[in-house]
Amino acid sequence: MERVQAGHAPMLGKRVELGPPRDGRFKGKHILSVNQFSREDLEYVFSVAEEMRTAVELVGTFDLLKGKVLACLFYSPSTRTSSSFIAAVERLGGSAIPINEVKYSSVSKGESLPDTVRTLAAYADLIVLRHPETGAAATAARYSGKPIINAGDGQGEHPTQALLDLFTIRHERGHVDGLTITLLGDLKYGRTVHSLARLLTKHDVKVRMVSPETLRLPRDVLEEVRSRGLMVTEHASLEEVLPDTDVLYVTRVQKEYFDDQAAYDAVQGSYVITADTMRRARKDMVLMHPLPRVGEIAMEVDDDPRAAYFRQVQYGLYVRMALIAMVMGRA
Ligand code: ASP
C-alpha cells in the first residue's frame, strides 16, 4: 500500500493509505450540528482534510471508499453543497445517488421524509440531506438506519459549511485564535452564520455581527454563543468595525424567507463590498462568502488576493471528503 507524502507521487491505480490509523470516533455517526464537535474533533477533521487535499493533488481520485454509495437528497436548491458531496464521494472511489430535484421523485406524490429516508437507507451507506425545515435532518436521523449528514436544514444549521469556513480561515491566516471576525449581512435567516458562530465558541476570537436592524442574529442563537463565552458585539455599520477586521464573512439576504418583495428590497443591497471597501480594509484581511453572492461583493473585488471565496469552495471539497471518510470509518 502506498502512503501519500508530499514529493512522493504514487502511481495512478495504486491503493492509497491516508495517514496514521485513528480512533474512528465519527464512524457511523450522524452529523447534524456543529455543537457535536469538540476542539479536539476539529483538529481531527482538519488533519484528515489536509490529507485529502494532498491525496487529491497527487492522484486526483483513489479507492478509499470503493463500493460505498452516498445518497444526496436535496429538497431545496444547491450548487456547491450537492456537487461537492458528489465530487467528494467519487474522488474517494465511491458513487452517488443524486436527487437534486425532489419534484421528480416520489416526494411529489406526497411521500413523507421518514419514508423517503428509510428507502434511501436501504440502497446507500450514507445520506446527505438538505431540507427547507429546521430540524429536518434530526427527524431524518430518527428514521434512517444509515448516517445522515445535515447539508442545511432551513434556517437551522449548515455544519459542513461552517467546518469548511473554519478550515478556510486556518489556511488563509494560519490560525483562528486571536482573530477579529466580522459576520455581515443576513444574520437572521442565514444558517451558515448560525453554525459558524457556534463553531467559533470553541476559539478565542472576537466576533462583530453587522446587519440591518431587522436581520440581526436570532436572540436565542446570540444567547447560546454568549453563554459559551463568545465575545460578540452587534453593529449596523461596517465602517466602525472594518479597520480591526481580520476576516470579513459576507452573506446574502435570504430572499426565500421574505413574504413580500418590498421587505426584501428594503434590506437587499444594505452592504456592498467594493474595491473602495477593500482599500480601507486591512492588507491581510480575508474576505469570505458561503456563496451564492447576489451583489454583496462587487466582481471588481475578485482579483484582490484577499478575496478567498473561490478558494473557500475548493477547501470545501477536502473537508467534505474528510467527513464522508470519517463517517464511513475509513479515516
Ligand atoms: N449556500 C449557503 C446555504 O445553503 C448560503 C446561501 O444560500 O446563502 O446556506
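Right above here is the structure, for reference.
Nothing here was measured: the structure is a model prediction, and the numbers come from that model.

## A word on the pairing of strand 10 (residues 247-250)
Thinking step 1. Where burial is concerned, the two faces of strand 10 agree: the one with Val 247 and Tyr 249 and the one with Leu 248 and Val 250 are both buried.
Thinking step 2. Of the pairings in the sheet, the one linking strand 7 (residues 180-184) to strand 10 comprises four bridges and is parallel in character. Bridged to Leu 184 within strand 10 is Val 250.
Thinking step 3. Of the strand pairs in this sheet, strand 10 and strand 11 (residues 286-288) are connected by three bridges, and their pairing is parallel. What sits directly across from Leu 248, in strand 11, is Leu 287.

## A closer look at unusual backbone geometry
Thinking step 1. A cis geometry characterises the amide bond from Leu 291 onward to Pro 292, with omega recorded as 5°.
Thinking step 2. Within the secondary structure, Pro 292 sits in the loop between strand 11 and helix 10 (309-327).
Thinking step 3. Relative to the assigned elements, Leu 291 resides in the loop between strand 11 and helix 10.
Thinking step 4. Note on Leu 291: relative accessible area 13%, which makes it buried.

## Quick notes on the sheet that holds strand 5 (residues 126-131)
Thinking step 1. Across the sheet, four strands lie side by side as 4-3-5-6; this open sheet has parallel pairing. Lying at the two open borders of the sheet, with one neighbouring strand each, are strand 4 (95-99) and strand 6 (148-153). For this sheet the average axis-to-axis angle between neighbouring strands, irrespective of direction, equals 15°.
Thinking step 2. As paired elements, strand 3 (residues 69-74) and strand 4 share five bridges and run parallel to each other. Looking at strand 4, one finds that Leu 73 is bridged to Ile 99.

## Structural notes on empty space enclosed by the protein
Thinking step 1. This model, assessed by the stated rule, comprises two cavities of 30 Å³ or more.
Thinking step 2. As a volume, the largest cavity reaches approximately 80 Å³.
Thinking step 3. Lining the largest cavity we find Arg 80, Ser 84, Gln 161, Leu 164, His 289, Pro 290, Leu 291, Tyr 309, Gln 312, Val 313, Gly 316 and Arg 320.
Thinking step 4. Contributing elements (two or more residues each) for the lining of the largest cavity: helix 2 (80-91), helix 5 (159-173) and helix 10.

## Brief notes about the packing of helix 5 against helix 10
Thinking step 1. Between helix 5 and helix 10, whose axes approach to 8 Å, the crossing angle comes to 120°. For the element pair helix 5 / helix 10, the angle class is oblique. Here helix 5 and helix 10 pass one another in a crossing that is right-handed. Residue-level contacts link Thr 160, Gln 161, Leu 163, Leu 164, Asp 165, Phe 167, Thr 168, His 171 and Glu 172 of helix 5 to Arg 311, Gln 312, Tyr 315, Gly 316, Val 319, Arg 320 and Leu 323 of helix 10.
Thinking step 2. By residue class, the composition of the contact of helix 5 with helix 10 is six nonpolar, six polar and four charged.

## Quick word on the sheet that holds strand 8 (residues 206-210)
Thinking step 1. Taken in spatial order, the five strands line up as 9-8-7-10-11 in an open sheet, and their pairing is parallel. Bordering the open sheet on either side are strand 9 (231-235) and strand 11, each of which pairs with just one other strand. Taking each pair of neighbouring strands and ignoring which way they run, the sheet shows an average axis angle of 20°.
Thinking step 2. Here helix 5 sits on the sheet in contact with strand 7, strand 10 and strand 11, set at roughly 160° to strand 11.

## A word on the site of the ligand
Thinking step 1. Around the ligand, a shell composed of Arg 130, His 158, Arg 191, Thr 192, Arg 252, Gln 254, Leu 291 and Pro 292 is seen.
Thinking step 2. Arg 130 places a polar side-chain atom, nitrogen or oxygen, 3.1 Å from an oxygen atom of the ligand.
Thinking step 3. According to the grid-proximity analysis, the pocket containing the ligand is the largest pocket.
Thinking step 4. For the shell around the ligand, the class distribution of residues is two nonpolar, three polar and three charged.

Definitions and cut-offs
Residues numbered from 1 in each chain as written. Predicted model: local features only at pLDDT ≥ 70, side-chain atom pairs only at ≥ 80, totals over all residues. Heavy atoms only, no water. Buried < 20%, exposed > 50% of the residue type's maximum accessible area, 1.4 Å probe, protein only. Helix = DSSP H or I, 4+ residues; strand = E, 2+ residues; numbered from the N terminus. Pairing = 2+ DSSP bridges. Axes fitted to C-alpha atoms, helices over the stretch in contact; angles between N-to-C directions. 1 Å grid on protein atoms, 1.4 Å probe; cavity = no way out; pocket = protein on both sides within 12 Å on 5 of 7 lines; lining within 4 Å. Points joined across faces, edges and corners; volume = space filled by probe spheres on them. Parallel < 35°, antiparallel > 145°, perpendicular 65-115°, else oblique. Left-handed = near helix turned anticlockwise from the far one by under 90°. Contact = heavy atoms within 4.5 Å. Nonpolar A, V, L, I, M, F, W, Y, C, P; charged D, E, K, R; others polar. Near = heavy atom within 4 Å. Polar contact = N/O pair within 3.5 Å; in protein donor to acceptor, adjacent residues only side chain to side chain. Sits in = over half its atoms within 2 Å of the grid points.

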